[in-house]
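Listed below are the residues making up each chain.
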Amino acid sequence: GATAAKDSLQQDEKVRKSSDKSVHKYNRVVVADDSNDKKYVSTYRGKVQNRNIYVALQPLFVLTYYRKGDDVSRAIHYHRYVEQINRRRQLPAELLITSAEQPLDEEQIAFHFKDIDEQTARFADDEGTAIYRFARGLDFYLVQDLDEAVDDYTQSLVEDGGLWIAYFNRAVAMYKQIELERAVANTDLSVEEQQAGSASIRLSEFQVILSDINKAIDLAPDFAYSYYNRGNILSHLKDYRAAIVSYDEAIRLDASLAEAYYNRGLTYIYIGENQKGIADLSKAGELGLYGAYNLIKRFSE
């Protein structure tokens, strides 16, 4: 009846045919249609016709102890300062740079709750506690207590204003706070209502995040992942041209940064420069982000 027809119409508005190249519909779920009759040979990529794809930026990079494993060989991300920290063995585990965060299992969660106590005990015994504050901030981040994580990163910077990794991780934690608040607020909202809500997030919150990223860049101008993260935040703010400039710099510093090509490619598509976008997505695919090939198929003329 009328109710079923209304539900069907609402569903149609939330998706688009995969042959629909409208940039204005880029952030809807992609569904297969009859024009998609080509099959990929690769078993990893599978039959594109049978896969729903939500077009979204690759996530922010973060400094953490865990990375998600998959059946594709991802690049191992490196920076000399992070390597120096690991050689000093001041943290409870090896610090990694990744955008593919791994959920913790029960044993890992228990370890980090224990380490929170151990790092706290160090504050009383040591003069230079900034790195231990950072360590405890990361513990809190990993057990998803973002408020405490931000507080500890902030205190580590009070004690050592040059500890740029705290600026970098604090920006990520603050962004995750916004994501979490948005997810809670959007629980019962439609896709369109969620998109409207995301546009209303206070600009000041993102400006604080951008300020932290810019401080990290000032203190470590050769850390490509800060520029990448800045590109993501600017893209979320729909400042696409500025986002592209940040991705440009990330790629200049690390020409193998697949995620930067992927996100710059999507950003080009957002502003209607599909050919540049497809070229970047192709490069991302060559570097191991095979999901980029699915997007190329959608946005190719």
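Each chain carries its own residue numbering, running from 1 in the direction its sequence is written. Side-chain atom pairs in this predicted model are given and counted only at pLDDT of 80 or more, local residue features only at pLDDT of at least 70, and totals for whole chains, interfaces and linings cover all residues. Calculation of side-chain values draws on the structure's entire complement of heavy atoms; hydrogens and water are dropped beforehand.

J.: What am I meant to see in the overall build of the protein chain here?
T.: Elements are defined by DSSP. Helices are runs of H or I of four residues or more, strands are runs of E of two residues or more, and each kind is numbered from the N terminus. Of regular secondary structure, the protein chain possesses 13 helices and 5 strands. Each of the 301 residues in the protein chain was classed as buried or not, and the buried ones make up 47%. The contact rule is simple, with two residues in contact once any of their heavy atoms fall within 4.5 Å. Partitioning the intrachain contacts of the protein chain with sequence separation of at least 6 by distance along the chain shows that 63% fall at a separation of at least 24. Note on areas: Shrake-Rupley, 1.4 Å probe, and residue coverage restricted to the protein chains presented here. Summed over its atoms, the accessible surface of the protein chain is roughly 15,400 Å², and 48% of this surface lies on carbon and sulfur atoms. Only protein chains enter the accessibility calculation, which uses a 1.4 Å probe; a residue whose area is less than 20% of its type maximum is buried, one above 50% is exposed, and one in between is partly exposed.

J.: Would you mind showing me how to read the packing of helix 11 (residues 258–270) against helix 12 (residues 274–286) here?
T.: The description of two helices packed together rests on the angle between their axes and the distance between the axes. Following both chains from N to C, one finds helix 11 and helix 12 inclined at 160°, their axes separated by 7 Å at the closest point. Judged by the angle between their axes, helix 11 and helix 12 are roughly antiparallel. Judged by the sense of rotation from one axis to the other, the crossing of helix 11 with helix 12 is left-handed. Contact with helix 11, carried on its side by Ala258, Tyr261, Tyr262, Arg264, Gly265, Leu266, Tyr268 and Ile269, involves Asn274, Lys276, Gly277, Asp280, Leu281, Lys283 and Ala284 of helix 12 and no other residues of that element. Looking at the contact of helix 11 with helix 12 residue by residue, the class counts come to 8 nonpolar, 3 polar and 4 charged. Between N-to-C directions, angles cover 0 to 180 degrees, with each direction set by a line fitted to C-alpha atoms, over the stretch in contact for helices. Any angle that is under 35 degrees is reported as roughly parallel, and any over 145 degrees as roughly antiparallel; angles of 65 to 115 degrees are reported as roughly perpendicular and all others as oblique. For any helix crossing, the convention is left-handed if the near helix is rotated counterclockwise from the far helix by under a right angle, and right-handed if that rotation is clockwise. Only Asp, Glu, Lys and Arg are considered charged in this grouping, and only Ala, Val, Leu, Ile, Met, Phe, Trp, Tyr, Cys and Pro are considered nonpolar; every other residue, Gly among them, is considered polar.

J.: Just to check I follow, could you spell out the confidence of the model for the protein chain for this structure?
T.: Close inspection of predicted coordinates is inappropriate for parts of the model with low pLDDT. On a scale of 0 to 100, pLDDT captures the predictor's confidence in every residue. Taken as a whole, the protein chain shows an average pLDDT of 81; of its residues, 73% reach a score of 70 or greater. Within the protein chain, the element-level pLDDT minimum falls on strand 2 (residues 29–31), averaging 35, and the maximum on helix 10 (residues 240–253), averaging 98. Note that residues 24–53 has pLDDT below 50 and, in this model, 70 contacts with residues that lie over four places away or in other chains.

J.: Would you take a moment to explain the nonpolar core for this structure?
T.: Nonpolar core, defined: a set of buried Ala, Val, Leu, Ile, Met, Phe, Trp, Tyr and Cys residues in which side-chain atoms within 4.5 Å join the residues together. Phe134, Tyr141, Leu163, Ile165, Ile209 and Phe223 are the most contacted members of the largest nonpolar core, which totals 80 residues. With near-sequence residues (within four places) excluded, Leu163 lies in contact with Tyr81, Ala130, Ile131, Phe134, Ser156 and Leu157.

J.: Help me out: how do you make sense of a negative patch on the surface in this one?
T.: Negative charge collects at one region of the surface, where Asp145, Asp147, Glu148, Asp151 and Glu181 lie side by side. Counting through the fold element by element, Glu148 comes out in helix 5 (residues 146–159). Grouping into patches uses exposed residues only, defined as over 30% relative accessible area, and leaves out salt-bridged ones; the cut-off is 9 Å for like charges and 5 Å for nonpolar side chains (Val, Leu, Ile, Met, Phe, Trp, Tyr). Definition used for salt bridges: Asp or Glu carboxyl oxygen within 4 Å of a side-chain nitrogen of Lys or Arg. Residues scored as positive are Lys and Arg, those scored as negative are Asp and Glu, and His as well as the terminal groups of each chain are ignored. Lysine's charge is taken at NZ, arginine's at CZ, aspartate's at CG and glutamate's at CD.

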